[in-house]
Amino acid sequence: MTSKQPTTRTRKSPEQVRAAVHQAVVDLLCDPQGEDLTIPAVAQRAGVNHTSLYRRWGSLQALLADVVTTRLERDSPLDDTGTLRGDLLTWARASAASVRTPEGRALVRAVILSMPSGTQAQDERAQHFRRRMHSIEQIRLRAAARGENPPPVEQILDQLVAPFYLRAIFGIDPPATGYPELLVDRLLGSAGTGPAPD
């Protein structure tokens, strides 16, 4: 009689757990026939204990914010093109490509629409904003170092970042061609960018 060998469970590293959890969130968000997005559902899909998710993220809202920020930063390369316009176009084209996908739209809508009310919501939104605008601030700093005069962060937020988020929330794809160029040229034209004053 052959004895049954015990199953050996491979212990995942923290980064492997994070990657599996993030993918589970994306899978659930993009599956129209899927179950409700909850911590237990995410844990089951990822193959981890739900208590570990609560320990690491504390809430579904914090998990969603982590997932969407990670995905958007991954899809927003920061190649140095040599000009402010080129850098902003690189960012905008990556953002346009992201919000055209079901994953990109679902992630943005989820993190915005799942925010709780009150002080906690303000803190989480502020944290997400700071992380999301980090790439924009890097673009501004590079432009200033080249002697260019970049627009303020608030103006970039209003005229370049917000249109992509608004389209993602309402499920409206950007135009097939020319949309990143349109937004960037409007932004730089209204900002009066050029060499920094002496």
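Residues numbered from 1 in each chain as written. Predicted model: local features only at pLDDT ≥ 70, side-chain atom pairs only at ≥ 80, totals over all residues. Heavy atoms only, no water.

**Regarding the nonpolar core**
Selection rule: Note on terminology: a nonpolar core comprises buried Ala, Val, Leu, Ile, Met, Phe, Trp, Tyr and Cys residues joined through side-chain atoms within 4.5 Å. Exposure is judged per residue with a 1.4 Å probe applied to protein chains only, and the accessible area is read against the type maximum: over 50% gives exposed, under 20% gives buried, and values in between give partly exposed. Residue contacts are defined here by distance: any two heavy atoms, one from each residue, within 4.5 Å place the two residues in contact.
Residues Val21, Leu53, Leu63, Leu160 and Phe164 are the most contacted members of the largest nonpolar core, which totals 44 residues. What valine 21 contacts, discounting residues up to four positions off in sequence, is Val42, Ala46, Val48, Leu53, Trp57 and Leu63.

**Quick notes on the environment of aspartate 66**
Put simply, the test is: Only DSSP runs of H or I reaching four residues or more are called helices, and only runs of E reaching two or more are called strands; each is numbered from the N terminus.
Residue position: aspartate 66 is located in helix 4 (residues 60-74). Residue classification places aspartate 66 among the buried positions, given a relative accessible area of 10%. Residues aspartate 66 and histidine 22, spaced 44 residues apart in sequence, show a C-alpha to C-alpha distance of 8.5 Å.

**So, helix 9 (residues 153-170)**
What counts here: In this scheme, a helix's expected span is set at 1.5 Å multiplied by one less than its residue total. Fitting axes to the seven residues ending at a residue and to the seven starting there, one defines the bend at that residue as the angle between these axes.
The first and last C-alpha atoms of helix 9 sit 24 Å apart over 18 residues, in line with the 26 Å expected at 1.5 Å per residue. If you look at helix 9, its biggest bend is around 45 degrees, right at alanine 162, and the proline proline 163 turns up within four residues after that. Positive phi appears at glycine 171, one or two residues downstream of helix 9, with a value of about 70 degrees.

**Topic: the environment of glycine 86**
Looking at the element boundaries, glycine 86 is found in helix 5 (residues 84-99). As a C-alpha pair, glycine 86 and valine 184 span 98 residues in sequence and 9.3 Å in three-dimensional space.

**Let's talk about the pattern of salt bridges**
Stated formally: The term salt bridge refers to a pairing of a side-chain nitrogen on Lys or Arg with a carboxyl oxygen on Asp or Glu at a separation within 4 Å.
One pass over the full model with this rule turns up 10 salt bridges. As a salt-bridge pair, arginine 56 and glutamate 15 come within 3.9 Å of each other at their nearest N and O atoms. Here arginine 56 is found in helix 3 (residues 50-57), whereas its partner glutamate 15 is found in helix 1 (residues 14-30), with 41 residues between them in sequence. In this structure, aspartate 80 and arginine 142 form a salt bridge, with 3.8 Å as the shortest nitrogen-oxygen distance. Here aspartate 80 is found in the loop between helix 4 and helix 5, whereas its partner arginine 142 is found in helix 8 (residues 134-145), with 62 residues between them in sequence. Bridged by salt links that share partners, the residues Asp80, Asp87, Arg142, Arg146 and Glu148 form one connected network.

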